[in-house]
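So the chains spell out like this:
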Amino acid sequence: MPRLSTTGHLRRLRELLQSDRDRRELHLTTCAETACRAGGAMTIVQAVQAYLLKHGLVDRIGVHATGCHGFCEMGPTLLVEPQQAFYPRVKAEHVPEIIEAALEGRHVEHLLYRDPQTGRICYHRDEIPFFQHQQRTVLGMSPKIEAERIHDYILHGGYAALEKALDRGDPPWVVEEVKRSGLRGRGGGGFPT
């Protein structure tokens, strides 16, 4: 990664990343955080990669190991985008069926999340009761960003607030913005930042 010495350099890097953005038609995303890793998420990533290589689909389908999707008890999970099909407790043997269905614009119904209260199959992630009433703010981009790739973070707006503060060049303004935000420490006491 080149050293960025000005906010202009950061903006140019973000523009370059935008122009070189992954434009494949389908993306398979799995959570790669602690609980999902412990449940075998990286085995799922490897199974997807192997299937894509074997069937010559690398140029059509992207695979991403991202931050937490939030539904740890259902891990490892696989999210198919753009259709937003959410597959919980995925096993490596499910991968071919999920990929084939995604390529055909279908869902694998028996693998989709089923609401334990109603028995209803949820075809899209946002239909799942766990996700319906959430507004993820701080970790909202987590399911989209590969945590080990700083370029992914920058591409999705990472460091934009720092860029704004540095461009403004007004430390008292920064202090007032933090005060107005109401941001509090997470150490247990809830002290104002």
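Look up a bit, the structure's there.
Residues numbered from 1 in each chain as written. Predicted model: local features only at pLDDT ≥ 70, side-chain atom pairs only at ≥ 80, totals over all residues. Heavy atoms only, no water.

A. Fine view of the pattern of salt bridges. Evaluation of the coordinates by the stated rule reveals 10 salt bridges. Two residues, Arg-60 and Glu-25, come together in a salt bridge whose shortest N-O distance is 3.1 Å. Of this pair, Arg-60 sits in the loop between α3 (41-54) and β2 (61-66) while Glu-25 sits in the loop between α1 (7-19) and β1 (26-31), and the two are 35 residues apart along the sequence. Residue classification places Arg-60 among the partly exposed residues on the basis of a relative accessible area of 34%. Residue Glu-25 is classed as partly exposed on the basis of its relative accessible area, which comes to 45%. Glu-148 serves as the salt-bridge partner of Arg-37, at 3.6 Å between the closest nitrogen and oxygen. Pair noted here: Arg-37 is in helix α2 (residues 34-38) and Glu-148 is in the loop between α5 (129-132) and α6 (150-155), with a separation of 111 residues, a long-range link. On the accessibility criterion, Arg-37 (38% relative accessible area) is partly exposed. Look at Glu-148 and you get exposed, because its relative accessible area is 74%. Through salt bridges with shared partners, one network takes in Arg-11, Arg-14, Glu-163 and Asp-167. (Salt bridge = Lys/Arg side-chain N within 4 Å of Asp/Glu carboxyl O. Helix = DSSP H or I, 4+ residues; strand = E, 2+ residues; numbered from the N terminus. Buried < 20%, exposed > 50% of the residue type's maximum accessible area, 1.4 Å probe, protein only.)

B. Spatial organisation of unusual backbone geometry. Between Gly-75 and the following residue, Pro-76, the backbone shows a cis peptide bond with an omega angle of -5 degrees. For the bond from Glu-81 to Pro-82, the omega torsion is 20 degrees, close enough to zero to count as cis. In this fold, Pro-82 is placed in the loop between β3 (78-81) and β4 (85-87). Of note in this structure, Gln-84 is not a glycine but carries a positive phi near 65 degrees. By the element assignment, Gln-84 lies in the loop between β3 and β4. Its relative accessible area of 18% is what places Gln-84 among the buried residues. Even without being glycine, Tyr-159 reaches a positive phi, approximately 70 degrees. Along the chain, the position of Tyr-159 falls in the loop between α6 and α7 (160-168). Under the relative-accessibility criterion, Tyr-159 is labelled partly exposed at 34%.

C. Focus on the packing of aromatic side chains. Within this structure, the stated rule accounts for 7 aromatic pairs. With a centroid separation of 5.7 Å and 50 degrees between ring planes, the pair formed by Phe-71 and Tyr-113 is classed as tilted. Taken together, the residues Phe-71 in the loop between β2 and β3 and Tyr-113 in the loop between α4 (95-103) and α5 connect sequence positions 42 residues apart. For Phe-71, a relative accessible area of 7% puts it in the buried group. Residue Tyr-113 is classed as buried on the basis of its relative accessible area of 8%. (Phe/Tyr/Trp six-rings, centres within 6.5 Å; stacked < 30°, edge-to-face > 60°.)

Worth remembering: the numbers are spatial, not functional.
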